[in-house]
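# Observations on the model geometry
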Amino acid sequence: MKRLIIATVCLALAGAGASAQPRLNENNIPEVVKAMTTEEKALFVVGIKKDEPPYKGKYLPGTGGVTYPIPRLGIPSIVMMDGPVGIRLSKNETTCFPTGLLTAASWDRTVARTIGEAIGEESLDMGNDVILAPGMNILRNPLNGRNFEYFSEDPVLTGMIASAYIDGVQSKGVGTSAKHFAANSQETNRLDGDSRLDTRTLREIYTKAFELCVQHSQPWTVMASYNYLNGIYTQESRDLLTLILRNDFGFKGLVVTDWTGKRNTPRQLNAGTDLFMGGDPKQTAHIHECLANGTLKMEDLDRACTKLLELIVKTPAFKGNKPSLKPDLDAHAKVARETATEGMVLLKNDGTLPLEPVRTALFGVYSYDLIQGGNGAAWVNSPYVVSAAEGLRNAGFELDPGLEKLYRGYASFISEDLKSNHKVNVHVGDAQKPELEITRELIQNTAENNDIAVITLGRISGEARDRILTKDFLIQENEKNLIETVCEVYHAAGKKVVVLLNICGSVETASWNYLPDAILCTWLPGEEGGNAIADVLTGKVNPSGCLPMTFPLDYFDAAGADNFPYQFISDRANESVVHPERRDMPLKNIAYTDYTEGIYVGYRYFCTNSKPVSYPFGFGLSYTTFAYSRAGVKVKGANVIASVTVTNTGSVAGKEAIGFYVSAPLGSFKDKPSVELREFGKTALLQPGESQTMTFMVPVRQLASFNSEKSRWETAKGAYKAFFGADVTKPGAEVAFKLSSAKNYPATHACEPK
Ligand code: BGC
């Protein structure tokens, strides 16, 4: 009896304790917030110093960030890891998938989704709750150091590829972080540079992709960028984070800062920032100070806590995931190889490709030392990287042994030399390896014993530094000499030359692309890159990638090219950290960058102004040919429905990427790009003679332009022209439709330049 009474009393106490001290679940978040002390709230929204006691050693080395746990309320810490092309850890234990440009060049949502799914699976294996990806800033300029992580110069291609990637990751119960919101299109002075642009440009170009991916896929988190936008840090911009992102776009998740130190904490919280990463105890102290002096409202802090709890209850950590620490590297290597072949772009082919495995003279240091990904947060320490040399050998090619020995020796020498000469910045990562000078005599010797020459040109870039016009965009003299001499010698011997572009962004091609017989743009194709290159060169896979950006004839051809730090040479691009004395200097393109080209980014400028380019947006060749027929379009309710039949008219199987481009009437706008991509897709693998009908549905709202004065989206009435085809300069089939009335869609008026 006595025992029973004690047990009953204990149960009653436990019950009372439970209501005073709830344990977090999906349904009691408001109660948990109420139960948190102010002390806990101020710690909770700031990431922990994971490399210092008491946390040191608890998380895998290389982990991006971790949140503060509150065990008494059943709140675990959750883990965030980089990045877009795979899990970035310090050890070589995760898969490096192809980079963003290649993914977008597939013009295929399933490619992005497949990569996302595999990264989601590796996240579960490695104990990651949120992947800090996709990176989805717009390619405003060819020289942005992080272009390789991003997708395109076009917001629809960017937004929908990002969306598919997000769906893939999140289908595994792992979160994403769409980054970096917004107008973060350069690395120079990345912590403090001010991107200055008008509202229409912001809405139509720089936030459009985020709008699309929020509406289609609701990333669990969005990462607010480092930069200022029109004089206000994006992380402190209520216009951007609350009015546009949450209210207009309908974002339901959490806003996390990019890995920033202390800024104006109350302003950040009030703006809509919920989580401060990487996290600095100064930020917790600042929260207390601001609560005490009244600049921070408890309701803003409570909202941030609520958003973080809403995120936590969805995560693997909360659901009891037990990381195996053993990702399925074999299965994911297969994914890396297959997806890599989908986005390689055949820029030129006189019939040389596809190739039988033959005796090959392989030139260029990057033929033996593939650049699988770019530097910084998107770098993945994969267990291995297959170079073009290895890939070709695996496919049965015989490589010239003398050249191989020479280049391999040079590659290891130059790596060491760059390291010991301190040219490798820890954060920025590997430096560009200069090309080896090769004599004509040596080239002539190789021509006797080989059937073909393959030359790889490489370009690496990464976080915290932009590329430099003369060093990175332009072809270097020794590269040009190599192409010229190899072409002269091999052509004289009746042999062909193929160039591989292992590049992080566009390069100048017009001065040399007439020389080789075939050019394949491989981008930075991930750890299986070499095998994927061999798959495409041999025709095991018929290339179907199309450029996600324009390759200009000349850097200065693009509008706004002057308004970029195109020749800014510095150790690091965190200018205001390295040179605090320059912080308040009005240095053009460093302290601030004027987006003078407005909405005329990439093909929007070149097409509207009929400017010739080296390779247009959407360009990409195949080993087969396609014909378009039965093109039709109709307006049905709030949507435009367009369809076209694509037939493989060649002799080998292939896939065709297709864009649906629309030219709108002017309506109330002074100017409109002559053409804009509104939808896209890719056929299945079509056998010769096989057809597929592709149908695209575009909301009438997505045809709108942003009227900043009236703060609304406007779709003009009138006659629209449209066409199908990936290459923006080559309509495959044209159609027309009419909208009988104009449509207006109200939006928030925000982020006008101050
Ligand atoms: C980068 C982010 C990255 C974060 C965490 C920042 O420097 O800009 O893209 O996710 O670091 O590593």
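What you are looking at is a predicted structure, and each value in this text was computed from that prediction instead of being measured.

## Structural notes on the packing of aromatic side chains
Taken as a whole, this structure holds 23 aromatic pairs when the rule is applied. Residues Trp 107 and Phe 680 carry aromatic rings whose centres are separated by 6.0 Å and whose planes lie at 80° to one another, so their mutual orientation is edge-to-face. Taken together, the positions of Trp 107 in the loop between helix 4 (100-105) and helix 5 (109-126) and Phe 680 in strand 20 (residues 676-682) put the pair 573 residues apart, joining distant regions of the chain. Assigned by exposure class, Trp 107 and Phe 680 land together as buried. The interplanar angle of 35° and the centroid separation of 5.3 Å between the aromatic rings of Phe 660 and Phe 724 together place this pair among those described as tilted. Taken together, the residues span a long stretch of sequence, with Phe 660 in strand 19 (residues 657-663) and Phe 724 in strand 24 (residues 718-724) at a distance of 64 residues. An aromatic cluster is present here, built from Trp 107, Tyr 603, Phe 617, Tyr 661, Phe 680 and Phe 723 joined pairwise through their rings. In this structure, Arg 263 packs its charged tip against the face of Tyr 233, placed 3.5 Å from the ring centre.

## Quick notes on the sheet that holds strand 17 (residues 626-636)
Strands sit in the order 17-18-21 across an open sheet of three strands; the sheet is antiparallel. The sheet is open, and its two edges are formed by strand 17 and strand 21 (691-699), each paired on a single side. The average angle at which neighbouring strand axes cross in this sheet is 15°, direction not considered. With nine bridges connecting them, strand 18 (residues 639-648) and strand 21 associate as antiparallel partners. When the sheet's bridge partners are listed, Val 644 is paired in strand 21 with Met 694.

## Topic: the nonpolar core
Core analysis: the largest hydrophobic core is formed by 113 residues, its most contacted members being Phe 44, Ile 75, Trp 107, Phe 181, Tyr 206, Leu 309 and Tyr 661. Ranked by residue count, the leading element in this core is helix 6 (residues 155-170), at nine residues. The residues contacting Ile 75, other than those within four sequence positions of it, are Leu 24, Val 32, Phe 44, Pro 69, Ile 70, Leu 309 and Ile 312. Counting residues in hydrophobic clusters, the runner-up holds 78 residues, among them Leu 139, Phe 148, Ala 534 and Leu 547.

## Thoughts on the pairing of strand 13 (residues 452-458)
Counting buried residues in strand 13 gives seven out of seven residues, a clear majority hidden from the surface. Covered by surrounding structure in strand 13 are Ile 452, Val 454, Thr 456 and Gly 458 together with Ala 453, Ile 455 and Leu 457, the residues of both alternating faces. Pairing of strand 11 (residues 359-363) with strand 13 involves four bridges; the strand directions are parallel. Of the residues in strand 13, the one forming a bridge with Thr 360 is Ile 452.

## Section: the environment of Thr 158
For Thr 158, the location among the structural elements is in helix 6. Between the alpha carbons of Thr 158 and Tyr 366 there is a distance of 28 Å; along the sequence they are 208 residues apart. Excluding its chain neighbours within four sequence positions, the residues that come into contact with Thr 158 are Met 136, Ile 138, Phe 151, Ser 152 and Ala 209.

## Describing the packing of helix 5 against helix 6
At a minimum axis separation of 6 Å, helix 5 and helix 6 run at an interaxial angle of 35°. Seen along the crossing, helix 5 lies across helix 6 with a hand that is right-handed. Of helix 6, the residues touching helix 5 (which contributes Arg 109, Ala 112, Arg 113, Ile 115, Gly 116, Glu 117, Ile 119 and Gly 120) are Met 160, Ile 161, Ala 164, Tyr 165, Asp 167, Gly 168 and Val 169. Each residue belonging to the contact of helix 5 with helix 6 can be placed in one class, and the counts come to eight nonpolar, three polar and four charged.

## Regarding the domain arrangement of the protein
Entries for the protein in the domain assignment read domain 1 (332-537) and domain 2 (626-746). With centres defined by C-alpha atoms, the gap from domain 1 to domain 2 works out at 36 Å.

## Examining the site of the ligand
Close to the ligand lie Asp 82, Leu 132, Arg 146, Lys 179, His 180, Arg 190, Met 223, Tyr 226, Asp 258, Trp 259, Ala 377 and Glu 463. Lys 179 places a side-chain nitrogen or oxygen 2.9 Å from an oxygen atom of the ligand. Within the complex, the protein chains bury 92% of what would otherwise be the 310 Å² of accessible surface of the ligand. Of the residues in the shell around the ligand, the class split is five nonpolar, one polar and six charged.

## Quick look at the pairing of strand 17
Regular strands place side chains that alternate from one sheet face to the opposite one. In the sheet, strand 17 pairs with strand 18 via nine bridges, with the strands oriented antiparallel. Across the sheet, Phe 626 pairs through a bridge with Asn 648, a residue of strand 18. Taking the residues between adjacent antiparallel strands as the criterion, strand 17 and strand 18 are bridged by two residues, where Gly 637 takes a positive phi near 60°.

## Structural notes on the packing of helix 16 (residues 440-449) against helix 18 (residues 477-492)
The geometry of helix 16 relative to helix 18 is characterised by a closest axis approach of 10 Å and an angle of 40° between their N-to-C directions. Relative to helix 18, helix 16 is oriented oblique. The two elements helix 16 and helix 18 meet at a crossing, and its hand is right-handed. Touching Arg 440, Ile 443, Gln 444, Thr 446 and Ala 447 of helix 16 are Leu 482, Thr 485, Val 486, Glu 488, Val 489 and Tyr 490, all from helix 18.

## Some details on the environment of His 216
Inspection of the secondary structure puts His 216 in helix 8 (residues 208-217). Put simply, His 216 and Ser 614 are 398 residues apart on the chain and 34 Å apart in space, counted from C-alpha to C-alpha. Excluding residues within four positions of it along the chain, His 216 makes contact with Met 160, Ser 163 and Asp 167.

## A look at the pattern of salt bridges
Opposite charge on two side chains allows them to pair when their charged atoms are near. Enumeration over the complete set of coordinates arrives at 41 salt bridges. The residue Glu 597 makes a salt bridge to Arg 140 at a minimum N-O spacing of 2.7 Å. Within this pair, whereas Glu 597 is found in the loop between strand 16 (592-594) and helix 21 (603-608), its partner Arg 140 is found in the loop between strand 3 (130-131) and helix 6, the two being separated by 457 residues in sequence. For Glu 597, a relative accessible area of 7% corresponds to the buried category. Residue classification places Arg 140 among the buried residues on the basis of a relative accessible area of 10%. For Glu 404, the salt bridge goes to Arg 408, with nearest N and O atoms at 2.9 Å. With Glu 404 and Arg 408 both in helix 15 (residues 401-420) and four residues apart, this pair spans about one turn of that helix. Judged by its relative accessible area of 29%, Arg 408 falls in the partly exposed class. A single network of salt bridges, built from pairs that share partners, joins Arg 146, Glu 149, Glu 187, Arg 190 and Glu 463.

## Regarding the confidence of the model for the protein
Across the protein, the average pLDDT comes to 94, with 94% of residues at 70 or higher. Contacts from residues 1-18, a stretch scored under 50 in pLDDT, to residues over four places away or in other chains number zero contacts.

## Remarks on the sheet that holds strand 1 (residues 65-66)
The strand order across the open sheet built from six strands is 1-2-3-4-6-9, with neighbouring strands paired in mixed fashion. The sheet terminates laterally at strand 1 and strand 9 (254-257), the two strands that pair on one side only. As judged from the four bridges shared by strand 4 (residues 175-181) and strand 6 (residues 221-224), these two strands associate in the parallel manner. Looking at the pairing, Phe 181 lines up with Ala 224 of strand 6. Along the sheet, helix 12 (residues 298-312) contacts strand 2 (79-81), strand 3, strand 6 and strand 9; its crossing angle with strand 9, the most-contacted strand, is approximately 105°.

The rules we used
Residues numbered from 1 in each chain as written. Predicted model: local features only at pLDDT ≥ 70, side-chain atom pairs only at ≥ 80, totals over all residues. Heavy atoms only, no water. Phe/Tyr/Trp six-rings, centres within 6.5 Å; stacked < 30°, edge-to-face > 60°. Helix = DSSP H or I, 4+ residues; strand = E, 2+ residues; numbered from the N terminus. Buried < 20%, exposed > 50% of the residue type's maximum accessible area, 1.4 Å probe, protein only. Lys NZ or Arg CZ within 6 Å of the ring centre and 35° of its normal. Pairing = 2+ DSSP bridges. Axes fitted to C-alpha atoms, helices over the stretch in contact; angles between N-to-C directions. Core = buried A, V, L, I, M, F, W, Y, C linked by side-chain atoms within 4.5 Å. Contact = heavy atoms within 4.5 Å. Left-handed = near helix turned anticlockwise from the far one by under 90°. Nonpolar A, V, L, I, M, F, W, Y, C, P; charged D, E, K, R; others polar. Domains from an automatic or database assignment. Near = heavy atom within 4 Å. Polar contact = N/O pair within 3.5 Å; in protein donor to acceptor, adjacent residues only side chain to side chain. Areas by Shrake-Rupley, 256 points an atom, 1.4 Å probe, with all protein chains shown as cover. Parallel < 35°, antiparallel > 145°, perpendicular 65-115°, else oblique. Salt bridge = Lys/Arg side-chain N within 4 Å of Asp/Glu carboxyl O. pLDDT = per-residue confidence, 0-100.

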